[in-house]
Protein chains: 2
Amino acid sequence: MAESAATCPERLVMEHITSRWGTLVLIALLDRPHRFGELRREIGRVSEKMLAQTLRTLERDGLVHRDARPVIPPRVDYSLTGLGREAAERVRDLAHWTERRLAAVERAREAYDAASP
Amino acid sequence: MAESAATCPERLVMEHITSRWGTLVLIALLDRPHRFGELRREIGRVSEKMLAQTLRTLERDGLVHRDARPVIPPRVDYSLTGLGREAAERVRDLAHWTERRLAAVERAREAYDAASP
DNA sequence: CGGTATCCTGAAAGATACTG
DNA sequence: CAGTATCTTTCAGGATACCG
């Protein structure tokens, strides 16, 4: 997750929430709690490394709750905190808007590209 | 602006909108149209390259309108399109939420860091 | 004033292999 | 199952210089 240096603190939080995997994790968890492997399968082509990193960052920010049960085989459930739900609802809105308007954006691009050789 | 390869098309639009400079540009334009130099000063420490690139991407996506007047010295005004206004309002909400909740996030981080050596 | 063009680097993402 | 460790590649973004 993007972590560059000279950044205002809000930017950092925004980046965690709107990052590629952050967005998908938050939206998935808005539906219901998920285990690590469920998230992995649902999101699709995410590496274990990136998923783990994303979850840790969101947990650290207080957006995601991690419930690790000391059983064998291990079982870990992730869910949204109250804070996380607020954030997730907003990214979901943005994501849904993007889906709804994607066609319009693509038309704009074609027009732009047609006008500039 | 982030442009990696194997990405679903909505992700690309999301990234343009929520990118570091994209967010700031959209929020500034939500207030009123701006000239290039005004954006540059208002946003602060953005390079001309990144600002120009961000504006071109947003224009191409149909979110920002570019009005270049053929005068000397050149004068170019940027404003939001209808589509851009919809997007800008949503990022602004997210940005405002982040500002409001920043303290809570920072408290969560302290707790997390205190718990894990 | 409002940009382009070019080069360069640090950091982030992916692949792969391994583990409690 | 749920991760870590390590290596490699990629590329966004800054610095700098120049232009219509």
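What counts, and at which threshold
Residues numbered from 1 in each chain as written. Chains lettered and ligands numbered in written order. Predicted model: local features only at pLDDT ≥ 70, side-chain atom pairs only at ≥ 80, totals over all residues. Heavy atoms only, no water. Helix = DSSP H or I, 4+ residues; strand = E, 2+ residues; numbered from the N terminus. Expected span 1.5 Å × (residues − 1). Bend = angle between axes of the 7 residues up to and from the residue. Contact = heavy atoms within 4.5 Å. Near = heavy atom within 4 Å. Polar contact = N/O pair within 3.5 Å; in protein donor to acceptor, adjacent residues only side chain to side chain. Least-squares fit on C-alpha atoms with pLDDT ≥ 70 in both. Buried area = accessible area lost by both parts, 1.4 Å probe. Salt bridge = Lys/Arg side-chain N within 4 Å of Asp/Glu carboxyl O. Nonpolar A, V, L, I, M, F, W, Y, C, P; charged D, E, K, R; others polar. Pairing = 2+ DSSP bridges. Buried < 20%, exposed > 50% of the residue type's maximum accessible area, 1.4 Å probe, protein only.

Engineer: Help me understand helix α5 (residues 82-115) of chain A, please; the structure alone is not making it clear to me.
Structural biologist: An α-helix turns once per 3.6 residues; consequently, residues spaced three or four apart project the same way. Here α5(A) spans 47 Å end to end across 34 residues, near enough to the 50 Å set by a 1.5 Å rise per residue. Its axis deflected by about 55° at A:Arg101, α5(A) carries its strongest bend there.

Engineer: How should I be thinking about the environment of B:Arg85 in this particular structure?
Structural biologist: Along the polypeptide, B:Arg85 turns up in helix α5 (residues 82-115). Apart from residues no more than four positions distant in its own chain, B:Arg85 is found in contact with B:Leu30 and B:Leu80.

Engineer: Where do I start with the protein's contact with DNA strand D in this structure?
Structural biologist: If you check the shell around DNA strand D, you find 21 residues, and the closest are A:Arg35, A:Glu48, A:Arg66, A:Tyr78 and B:Lys49. Protein-adjacent atoms of DNA strand D, using a 4 Å cutoff, are sugar or phosphate at a proportion of 60%. Between DNA strand D and the protein, one listed contact pairs a base oxygen with a side-chain N or O atom of A:Glu48 at 2.9 Å. Within the side chain of A:Arg66, an N or O atom sits 2.5 Å from a phosphate oxygen of DNA strand D.

Engineer: What's the story with the relation of the copies chain B and chain A in this structure? I'm lost.
Structural biologist: One copy of the chain maps onto the second through a rotation about an axis and a displacement along it. It takes a turn of 180° to lay chain B on chain A, together with a shift of 0.0 Å along the axis; the resulting RMSD is 0.0 Å. Read as a symmetry element, the transformation amounts to a two-fold axis. No C-alpha of chain B approaches the rotation axis more nearly than that of B:Thr18, which lies at 3.4 Å. Here 100% of the interface residues in chain B have copies in chain A that are interface residues too; the copies meet face to matching face.

Engineer: When you look at the interface of chain B and chain A in this model, what are you seeing that I'm missing?
Structural biologist: In many reports, interface size means the accessible area that the parts give up when they come together. Residue-level contacts link 41 residues of chain B with 41 residues of chain A. For the chain B and chain A pair, buried surface summed over both sides reaches about 3800 Å², with 63% attributable to carbon and sulfur atoms. At the boundary of chain B with chain A, the tally comes to 6 salt bridges. Its salt-bridge partner being A:Asp113, residue B:Arg60 comes within 2.7 Å of it at the nearest N-O pair. Summed over the shared surface of chain B and chain A, the result is 14 residue pairs in polar contact (both at pLDDT 80 or more). Those elements that provide at least two residues to the side of chain B that touches chain A are α1 (9-18), α2 (20-31), α4 (48-60) and α5 of chain B. For the side of chain B that touches chain A, the leading source of residues is α5(B), giving 21 residues. A per-class count over the side of chain B that touches chain A returns 17 nonpolar, 8 polar and 16 charged.

Engineer: Would you mind going over the sheet that holds strand β1 (residues 34-35) of chain B with me for this structure?
Structural biologist: Two strands in a sheet stick together by hydrogen bonds in their backbones, pointing the same way (parallel) or opposite ways (antiparallel). All names here are of chain B. Reading across from one edge, β1-β3-β2 is the order of the 3 strands in this open sheet, with antiparallel pairing throughout. The open sheet terminates on both sides in strands that have one partner only, identified here as β1 and β2 (64-69). Two elements, β2 and strand β3 (residues 75-80), share 6 bridges in a ladder whose sense is antiparallel. Looking across to β3, one finds that Arg69 is bridged to Arg75.

Engineer: Teacher, can you tell me more about the side chain of A:Arg11 here?
Structural biologist: On the secondary structure map, A:Arg11 appears in helix α1 (residues 9-18). Beyond its immediate chain neighbours, meaning those up to four positions away, A:Arg11 contacts B:Thr18, B:Ser19, B:Arg20 and B:Thr23.

Engineer: Is there a simple way to explain the pairing of β3(B) in this structure?
Structural biologist: A regular strand places its side chains on the two faces of the sheet in alternate fashion. Residues and elements named next belong to chain B. Bridging between β1 and β3 involves 2 bridges; their strand directions are antiparallel. For Arg35, the partnering residue across the bridge sits in β3 and is Asp77. Taking the residues between adjacent antiparallel strands as the criterion, β2 and β3 are bridged by 5 residues.

Engineer: What's the story with the environment of A:Glu59 in this structure? I'm lost.
Structural biologist: Following the sequence through the fold, A:Glu59 ends up in helix α4 (residues 48-60). Exposure remark for A:Glu59: the relative accessible area of 21% places this residue in the partly exposed category. Put simply, A:Glu59 and A:Ala111 are 52 residues apart on the chain and 43 Å apart in space, counted from C-alpha to C-alpha. Contact partners of A:Glu59, with chain neighbours within four places excluded, come to A:Val64, A:Arg66 and B:Tyr112.

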